[in-house]
Protein chains: 4
Amino acid sequence: MSNKATAILLISCPDQKGLVAAIADFLYQHNANILHADQHQDAELGLFLMRVEWDLSGFDIDTSDFNNAFSPIATRFQMQWRLATSAHRPRLAIFVSRYDHCLADLLYRYQAGELNCEIPIIISNHTDTQWLAEAYRIPFQHIVINKDNKAEAEAEQLAILRKNHVDFVVLARYMQVLSPDFIRHYPNRIINIHHSFLPAFHGAKPYHRAFERGVKLIGATSHYVTEILDDGPIIEQDVARISHRDDLEDLIRRGADLEKIVLSRAVRWHIENRVLLYANKTVVFD
Amino acid sequence: MSNKATAILLISCPDQKGLVAAIADFLYQHNANILHADQHQDAELGLFLMRVEWDLSGFDIDTSDFNNAFSPIATRFQMQWRLATSAHRPRLAIFVSRYDHCLADLLYRYQAGELNCEIPIIISNHTDTQWLAEAYRIPFQHIVINKDNKAEAEAEQLAILRKNHVDFVVLARYMQVLSPDFIRHYPNRIINIHHSFLPAFHGAKPYHRAFERGVKLIGATSHYVTEILDDGPIIEQDVARISHRDDLEDLIRRGADLEKIVLSRAVRWHIENRVLLYANKTVVFD
Amino acid sequence: MSNKATAILLISCPDQKGLVAAIADFLYQHNANILHADQHQDAELGLFLMRVEWDLSGFDIDTSDFNNAFSPIATRFQMQWRLATSAHRPRLAIFVSRYDHCLADLLYRYQAGELNCEIPIIISNHTDTQWLAEAYRIPFQHIVINKDNKAEAEAEQLAILRKNHVDFVVLARYMQVLSPDFIRHYPNRIINIHHSFLPAFHGAKPYHRAFERGVKLIGATSHYVTEILDDGPIIEQDVARISHRDDLEDLIRRGADLEKIVLSRAVRWHIENRVLLYANKTVVFD
Amino acid sequence: MSNKATAILLISCPDQKGLVAAIADFLYQHNANILHADQHQDAELGLFLMRVEWDLSGFDIDTSDFNNAFSPIATRFQMQWRLATSAHRPRLAIFVSRYDHCLADLLYRYQAGELNCEIPIIISNHTDTQWLAEAYRIPFQHIVINKDNKAEAEAEQLAILRKNHVDFVVLARYMQVLSPDFIRHYPNRIINIHHSFLPAFHGAKPYHRAFERGVKLIGATSHYVTEILDDGPIIEQDVARISHRDDLEDLIRRGADLEKIVLSRAVRWHIENRVLLYANKTVVFD
C-alpha cells in the first residue's frame, strides 16, 4: 500500500537446490532493496513458487532491460516468470447484470484508492446499474444478450475490451455464461464470484439449494473462469453462519455481504500480483 | 446446565392462530414456571415448531399423566409432540473405527459432565481405541466387520444396543456404511460426523478431494443418518481457513479439531432435546 | 423483509407466571396472525423480555387504539412496552467526519432497500463526503466544529435534527465526542461504531494500539452512546484475523470492512426493532 | 509433520541488503535441501526475521560444527540466531490447577503424536487431575501452595524442572501468579492461556466481566509470561460468538473449547520453532 515505486517478480519452476541463492544473489548484485519475499514449495509436485518485491530506487537495471539481465538465471532453472511494477496500473473491465452490490463495492474501493488499477469500462446486459457507473464516472456500455445474438454480443464485448486495452475482467454477478472462445482470450484473467462455497452448489440458484439442503453456513467463492463452469482455480472463499430463523431472502441478503468481501479480496490480490496458479489451484502470497 | 428438574416439550404442527395461547395457557393453568421458550414458523410450509422448558417444581401434572392432560390440545392442533425430562439421561452407544479423536473428545466431555447422558457401550470394528474406553471405564465391544459378515455383524451390534437400552447412536468416525435395515431401527437417532462441508465432498476421502480442489476453507458436518449416504438432516457445520502452506496432513490434523467440535455440539443438542426435524432439515433451538 | 404491514410489540417486565399466556391470549382474541415471536428470560435479574411480530391484516385493533386495549395487561405485569409498525419508517440522521466507508456502505444499503428507514439528513464537520450525499441525493449539512464553538455547533445540530423529525442518529466514524447534553436528547438512540473489539482499546487510535500490542485479531464494535466514552450497551461486534504480515495500514484497511458490516447490522436491527436494552446490555432478537 | 531429520534456523537481525543472498548461498554451498523458508521485514523497526528449514540428509555440516561454520555470516550481519533440529524433542512441564480441559487436550494431542515433545512432569497445586496424568502415564507432582509457602513451593517446582531438564513450561489453567524470580528462570519459555481476548478483561474472572459487559464474542489468548500480568507477547487468539441466550455457565463451557484450541496451537508452534519474538510481539511463521 506504499507509494514507493516497486517491482514484483513472480517465479514458478521445478524445485532444486541453489534456486533461492541464485535469485537473492542476482537481486543483491543489482542493489535491490527487498521489501517482501515469500516462497512456497510443493513437495509432491516438486514445484517452487516465489514472489519477491523490491524498491526500485537504487535498483540498477531498467525495467526494459530486466529480461536480458534475468534470462540466464531463468533459463538455467527453467523458470516461468513475470515482472510487474507498481507503476503499471492494470486495466479492469467489470461485467455486471442486475445485482449491483458487487459493482457498488468495487467502485467504492476503486475511488477510495484501495484497488491500484484503472477501470476504463463497465459492460452490462442490462441498464440497471448505469446510475452507479455515472456516480463514479466510469464509462458504461449496454450490450443486450439473448439466445439468438450471443456470438455477436461477445464479439462486441471483445472489441470493447481490446479498444480499452483491458488486462483482466471481473464478473461482478454477471449472469451469463461466457463461451469457451471468449474465455480463451483472457486465460486466467477473468475473475468470477460464485454465490456458494464451491464445490457445493455449483451451477444455478445456489442460495435456493443451500436453503433447501438446510446447511448451517452459506458461502461465496471467487475463482478464475475456465471452460468448465464453476470449476476454475479458487482464489478466495468465505462463509457466514445462518440459522433456521433465516429465510431465503435473508440468505440472499447475507450472502451479498460475503460476495462483496470475497470478490474484492480476489480482485485486489490479482492486481497486487499475489496470485500464482498451479495444478488448478492458487497460491495467494500475503 | 442447571440442576433443577425440568421438563421439555417439543411440538411440531400446522401453523394456526391460537396455538401459542393454548399452549401457554395450559402451562399456566398447571402452574409451570417457564424457563425457556423458543418457537419457529416456516411461512412457506405453514409449519409451527416449538420448544418450551419449565421447572417441574410446582408443576401440578405428574409426568406419567402428561399425555392425558395434554392430548386435547395436541389433538385440536394436530400436533406431533414429545415430552422429555432432565431426569431421564438418554443412553448413547458410540461406534468408532481407528481414528480416536472424536471418541476421546466425547469421553472427556462425558466425564466432565458436559453431556447429560449415559454411555453404556462403545462398539468398534478395531481394538485401537480400547485403551480410551478403559481409561474412562466404559464397556468396549470389538465386533469384526468384513465383506462377508456384515449382516451378522450388524445383527450382533443391534443385539448389544437392545441389551443396553440404547436411545441413540453416535458414529465417531466409524468407517463402515450402515445398512438401511440397521438405520431403520434408529430413525433420526444415529448421528454421524462427516469430514467435509456437506454437500461438498460427500462420500470417500473428502480431505484428499478438498486438497486437490484447492479450497480455501475445510469443513465438518454432523448430521442424522438416513439411507442416502451423507444426505441426512444437517445438525451442525463449521469450517477452518487453510492456505497453500497446509499440506494434506495439515488438513487432516486441522480437520480433526473441527470434527470434534462439530460432533460434540450435535450430540449435546440432541441430548438436550434442542433439535427438531422437518423437511430433511433441522431447527436447533438455542 | 416482507412487504406485509406488520406490528411489533417489545416488552420488558419482571418475569412471572402467566405472562406469555396473557400476551398470547390477547393477540389471539384480537385475531393476530403471529409471524415471529421470541422471548428471553434473565434468571438472575428475574427479567422477561419479548418481541412479537404479527400481520396487521385481520388484526381487529387499530394502532391508535392499541394503548387502550393493551394497558390492562401492561399494568398487571408492570410492563415497559413499545409498539412499532412496519409502516412507520424511522428517520435517521448520519453524522460523519472524513472517513467515508461507513457512510458509503449505509447509503448503498439504504438505496438497495436493505434499511427500512428514511435518511433526511447527513451532518458533517467536513465537506469530504458531500459527493456521496449528492450521488445518493441525501441533503448534506456542513457544520464546522472547533474547540471554541462546540456548544453552538451542537445546538445547530440539534435544531436540524428536530426540524427533520429525526428518530435516531448514527455516528458513521464521526470523530467528535458528543456532549452529555446532546446525548440526553437521544437516549439509546445514538449508535456509534468503534474501531476495536471493546472493551479492548477504548478511546483514541485503537488500530495503532492493537498493532503495538501485537494482537492476532482486530475488531469493531457498534454500541449505543452513553455519557461514558465507548461504554454504552454493545449491539454487535466482529473480528478479523491478522498476522505479522499486516502493517498498520493493512489493519486500518481491513478494519474498515469490519466497521461497515458491524455498523450496518446494528442499524438494521435497530430499525427492525430487534434490540432491547437491559442492565447496560442488549438483547438482539434475531 | 514429516519424519525426515530436519534443521531449523531462526534469525533476527537489522535488515540490510545481501542478507538473504548470504544465507541462501551458505545453505547452498553446504548442500542443504531447503524445505520451507519464510521471512519477515518490519520496515518501521528496520528488522529482518527469518525461519528456514532444510533436510539434513546431504547437508555437509554436522550440527555440532554449525556454530563455527555459520558464525562469520552471523557476525557480519549482527544476527541473533538459533539452530534447532527435529531430532531434539523439547521437554515440557505442564502446570495445572483444578480445571482439567486444557490438560486433557494437551495430553491427548501428545499421545496422538501431534506434539513433537516430551512431557516428563505435570505439576499441580491440587490432586484433581492426577487421574488424567495416570491415564496418559505422565509423572504427576502435587505441590501445595498457600499464601505462606509460595517461595518454598516455587523453589520446589524449579528443582523439579531442573531435575527433569525441562525446556519450557505450559500453564494449562494454572491459577497461581508466578513470581518474577520464577519467570526469570524461563524467559519467553512459559506459555499461559488467558480466558479472554486480551487486552480486554486481563486479570481475574474474565468470563464474569465479559458477561457483565455484554460482549457479543468471547475470546482466549495464549501468550508468553512476563513479569507484568497478562501482558506478555501474544502467540495466538481466537473468539466465539455468544448471544443473550448464553448465561455465564455457557460462556465458561464455550470458552473452554476456545482455550483448548488456542493453547494447543501456541504449544505446537513453540515446539516447531515457528515463533519469533520482537518488540513484545510474536511473528508466527506458518
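Since the structure is predicted, the reported quantities are computational estimates derived from the model, not experimental observations. (Residues numbered from 1 in each chain as written. Chains lettered and ligands numbered in written order. Predicted model: local features only at pLDDT ≥ 70, side-chain atom pairs only at ≥ 80, totals over all residues. Heavy atoms only, no water.)

Engineer: Hey, could you go over the packing of aromatic side chains for me, with residue numbers and the actual values?
Structural biologist: The tally for this structure, following the rule as stated, stands at 50 aromatic pairs over all chains. With a centroid separation of 6.5 Å and an interplanar angle of 40°, the aromatic rings of Phe59(A) and Phe66(A) are classed as tilted. Take Phe66(A): its relative accessible area is 1%, and that puts it in the buried class. Aromatic pair Phe70(B) and Trp81(B): ring centres 5.3 Å apart, planes at 75°, arrangement edge-to-face. One end of the pair, Phe70(B), is in helix α2 (residues 66-76); the other, Trp81(B), is in strand β4 (residues 80-85), and eleven residues separate them in sequence. Through pairs of rings, three or more aromatic residues link up here, namely Phe26(A), Trp54(A), Phe59(A), Phe66(A), Phe70(A) and Trp81(A). (Phe/Tyr/Trp six-rings, centres within 6.5 Å; stacked < 30°, edge-to-face > 60°. Buried < 20%, exposed > 50% of the residue type's maximum accessible area, 1.4 Å probe, protein only. Helix = DSSP H or I, 4+ residues; strand = E, 2+ residues; numbered from the N terminus.)

Engineer: Tell me about the side chain of Asp257(B), and name the residues and values.
Structural biologist: Among the secondary structure elements, Asp257(B) is positioned in helix α8 (residues 248-271). Leave out the neighbours within four places in its chain, and Asp257(B) touches Arg109(D) and Ile261(D). (Contact = heavy atoms within 4.5 Å.)

Engineer: Tell me about the sheet that holds strand β10 (residues 217-224) of chain D, and name the residues and values.
Structural biologist: By way of backbone hydrogen bonds, the strands of a sheet pair with one another, either parallel or antiparallel. Residue and element names in this part refer to chain D. With mixed pairing, seven strands are arranged side by side in an open sheet as β7-β6-β5-β8-β9-β10-β11. One side of each edge strand has no neighbouring strand; the edge strands of this open sheet are β7 (140-142) and β11 (234-241). The average angle at which neighbouring strand axes cross in this sheet is 15°, direction not considered. Taken together, the seven bridges between β10 and β11 define a ladder with antiparallel strand orientation. (Pairing = 2+ DSSP bridges. Axes fitted to C-alpha atoms, helices over the stretch in contact; angles between N-to-C directions.)

Engineer: Account for unusual backbone geometry, naming residues and giving values.
Structural biologist: Leave glycine aside and you will find that most residues have negative phi; peptide bonds, for their part, are mostly trans. Residue Pro199(B) follows Leu198(B) across a cis peptide bond; omega there is 10°. Mapped onto the fold, Pro199(B) is located in the loop between β9 (190-194) and α7 (206-213). You will see that Arg173(B), though not glycine, has its phi angle at about 65°, which is positive. Along the chain, Arg173(B) falls in the loop between β8 (168-171) and α6 (180-185). The phi dihedral of Asn280(D) falls on the positive side, at around 60°, and the residue is not glycine. Looking at the secondary structure, you find Asn280(D) in the loop between β12 (275-278) and β13 (281-284).

Engineer: Give a description of the relation of the copies chain B and chain A that names residues and reports values.
Structural biologist: Mapping chain B onto chain A is achieved by rotating through 180° and translating by 0.0 Å along the same axis, at an RMSD of 0.0 Å. In short, the pair behaves as if placed about a two-fold rotation axis. Among all residues of chain B, the one whose C-alpha sits closest to the rotation axis is Ala200(B), at a distance of 2.2 Å. (Least-squares fit on C-alpha atoms with pLDDT ≥ 70 in both.)

Engineer: Give a description of the relation of the copies chain B and chain D that names residues and reports values.
Structural biologist: Rotating chain B by 180° and translating it 0.0 Å along the rotation axis places it on chain D, where the RMSD comes to 0.0 Å. Most of the interface of chain B is mirrored in chain D, where 100% of its interface residues are also at the interface.

Engineer: Give a detailed account of the packing of helix α3 (residues 101-111) of chain A against helix α8 (residues 248-271) of chain A, specifying residues and quantitative values.
Structural biologist: All names here are of chain A. Direction vectors running N to C along α3 and α8 enclose 45°, while the axes themselves pass 9 Å from each other. Classified by the angle their axes make, α3 and α8 are oblique. In the crossing of α3 with α8, the sense of the turn from one axis to the other is right-handed. Between α3, through His-101, Cys-102, Asp-105, Leu-106 and Arg-109, and α8, the contact on the second element is made entirely by Ala-256, Glu-259, Lys-260, Ile-261, Leu-263, Ser-264 and Val-267. Considered class by class, the residues forming the contact of α3 with α8 number six nonpolar, two polar and four charged. (Parallel < 35°, antiparallel > 145°, perpendicular 65-115°, else oblique. Left-handed = near helix turned anticlockwise from the far one by under 90°. Nonpolar A, V, L, I, M, F, W, Y, C, P; charged D, E, K, R; others polar.)

Engineer: Please provide a residue-by-residue account of the pattern of salt bridges, values included.
Structural biologist: Per the counting criterion, the structure on display carries 82 salt bridges over all chains. For the salt bridge of Asp238(A) with Arg241(B), the shortest nitrogen-to-oxygen distance reads 3.5 Å. Of this pair, Asp238(A) sits in strand β11 (residues 234-241) while Arg241(B) is found in strand β11 (residues 234-241), placing the two residues in two different chains. Residue classification places Arg241(B) among the partly exposed positions, given a relative accessible area of 36%. Sharing partners across several salt bridges, the network here consists of Asp38(A), Asp286(A), Arg245(B), Arg245(C), Asp38(D) and Asp286(D). (Salt bridge = Lys/Arg side-chain N within 4 Å of Asp/Glu carboxyl O.)

Engineer: Please set out helix α5 (residues 150-163) of chain A residue by residue, giving values where relevant.
Structural biologist: For an α-helix, the turn length of 3.6 residues means that residues three or four places apart are oriented alike. Residue and element names in this part refer to chain A. Compared with the 20 Å implied by 1.5 Å per residue over 14 residues, the 20 Å span of α5 between its first and last C-alpha is a close match. Ala-153, Glu-154, Gln-157, Leu-158, Ile-160 and Leu-161 are the residues of α5 that are buried. Burial along α5 is one-sided: seen end-on, the buried residues are contained in an arc of 160°. In α5, the exposed residues that point more than 90 degrees away from the buried face are Ala-151, Glu-152, Arg-162 and Lys-163. Where α5 terminates, the next one or two residues include His-165, which has phi positive at roughly 50°. (Expected span 1.5 Å × (residues − 1). Arc of directions from axis to C-beta.)

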